[in-house]
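Read off the chains here:
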Amino acid sequence: MVKAVLSVVLVLVVISSTIAKYIPKTGKRIPQTLSRGWGDQLIWAQTYEEALYWSRSRNKPLMVLFHLEDCPHSQALKKVFSENNELQKTLDEDFIVLNLVYETTDKHLSPDGQYVPRILFVDPSMTVRADINGRYSNRMYAYETADINLLISNMQKAKKLLKAEL
């Protein structure tokens, strides 16, 4: 009888320890599947509508990232993007983030075409910032691995424009 009770207790302990989520003391968040590898410690919005709501209610700019899982350019940018601590910290503190592997019905998010990877900024007034773009004239919102510093600079620009216009 004692062995049976101990066995049941042991099974319950094992089950509860596997179900419980681990939250490190360092304050790191539990990785989400919504990150798709772009920043597991960031809180990602599920939909464009949710991201717009968060942006407006928290008064933070929104960064929308369009990519494809099987695109080599998206994969290369994802690696550099997720490993850049300055970029990840800025996104965590100052932005609402959304990554999409599909197009939205909002045509404002594809002002010059539907290509990937593409990064757009939207301010809390729900205005797509057409004045914050990458270095290419034919794909204005495209970023490559070598453009990570330009992306960080554009993030700073989005923050400054937010403060200057409010």
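Rules of the game
- Residues numbered from 1 in each chain as written.
- Predicted model: local features only at pLDDT ≥ 70, side-chain atom pairs only at ≥ 80, totals over all residues.
- Heavy atoms only, no water.
- Salt bridge = Lys/Arg side-chain N within 4 Å of Asp/Glu carboxyl O.
- Helix = DSSP H or I, 4+ residues; strand = E, 2+ residues; numbered from the N terminus.
- Buried < 20%, exposed > 50% of the residue type's maximum accessible area, 1.4 Å probe, protein only.
- Polar contact = N/O pair within 3.5 Å; in protein donor to acceptor, adjacent residues only side chain to side chain.
- Contact = heavy atoms within 4.5 Å.
- Pairing = 2+ DSSP bridges.
- Axes fitted to C-alpha atoms, helices over the stretch in contact; angles between N-to-C directions.
- Phe/Tyr/Trp six-rings, centres within 6.5 Å; stacked < 30°, edge-to-face > 60°.
- Core = buried A, V, L, I, M, F, W, Y, C linked by side-chain atoms within 4.5 Å.

- In the nomenclature of an unreviewed UniProt entry, the protein chain corresponds to Anterior gradient 2 from the organism Fundulus heteroclitus.

## Quick notes on the pattern of salt bridges
Here is step 1 of the chain: In total, this model carries 9 salt bridges according to the counting rule given.
Here is step 2 of the chain: Across the pair Glu83 and Lys79 runs a salt bridge, and its minimum N-O distance is 2.9 Å. You can see Glu83 and its partner Lys79 sitting in helix 3 (residues 72–83), 4 residues apart, about one turn around the helix. Just as Glu83 is exposed, Lys79 falls in that class too.
Here is step 3 of the chain: Its salt-bridge partner being Glu144, residue Arg139 comes within 4.0 Å of it at the nearest N-O pair.
Here is step 4 of the chain: The partly exposed category is assigned to Arg139, whose relative accessible area is 29%.
Here is step 5 of the chain: According to the relative accessible area criterion, Glu144 is partly exposed, its value standing at 31%.

## Let's talk about the side chain of Asn154
Here is step 1 of the chain: Looking at where Asn154 falls in the secondary structure, it is placed in helix 5 (residues 148–165).
Here is step 2 of the chain: Taking the relative accessible area as the measure of exposure, Asn154 reaches 5% and is therefore buried.
Here is step 3 of the chain: Looking at Asn154, its side chain comes within polar contact range of the main-chain oxygen of Asn133, at 2.9 Å.
Here is step 4 of the chain: Not counting residues up to four positions away in its chain, the partners in contact with Asn154 are Phe121, Ile132, Asn133, Gly134 and Tyr143.

## Side note on the sheet that holds strand 3 (residues 118–122)
Here is step 1 of the chain: What the 3 strands build is an open sheet, ordered 2-1-3; its pairing is mixed. The two strands at the open ends of the sheet, each matched to only one other strand, are strand 2 (96–100) and strand 3. If you compare each strand with its neighbour and ignore which way they point, the axes differ by 15° on average.
Here is step 2 of the chain: As paired elements, strand 1 (residues 62–66) and strand 2 share 5 bridges and run parallel to each other. The residue of strand 2 that forms the bridge with Leu62 is Ile96.

## Focus: the packing of aromatic side chains
Pairs of aromatic rings are described using the distance from one ring centre to the other and the angle between the two planes.
Here is step 1 of the chain: Scanning all chains against the criterion turns up 2 aromatic pairs.
Here is step 2 of the chain: Arranged with centres 5.1 Å apart and planes meeting at 75°, the rings of Trp38 and Phe81 form a pair that is edge-to-face. Here Trp38, found in the loop between helix 1 (2–19) and helix 2 (48–58), pairs with Phe81, found in helix 3; they are 43 residues apart in sequence, far enough to count as distant. An identical accessibility class is assigned to Trp38 and Phe81; each is buried.
Here is step 3 of the chain: Look at Phe95 and Phe121: their rings are 6.0 Å apart centre to centre, the planes differ by 55°, and that puts the pair in the tilted class. Highlighted residues: Phe95 in the loop between helix 4 (85–94) and strand 2 and Phe121 in strand 3, separated in sequence by 26 residues. Across the pair, Phe121 and Phe95 agree in class, each one buried.

## What about the nonpolar core?
Proteins that are soluble and globular tend to have nonpolar side chains buried together.
Here is step 1 of the chain: Met63, Leu87, Leu91, Phe95, Ile119, Phe121 and Leu151 are the most contacted members of the largest nonpolar core, which totals 20 residues.
Here is step 2 of the chain: Contributing elements (two or more residues each) for this core: strand 1, helix 3, helix 4, strand 3 and helix 5.
Here is step 3 of the chain: Sorting elements by how many residues they give to this core places helix 5 first, with 5 residues.
Here is step 4 of the chain: With residues near it in sequence (within four places) discarded, Leu151 still touches Phe81, Leu87, Ile119, Phe121 and Tyr143.
Here is step 5 of the chain: Ala51, Leu109, Tyr115 and Val128 belong to the second largest nonpolar core, which has 19 residues in total.

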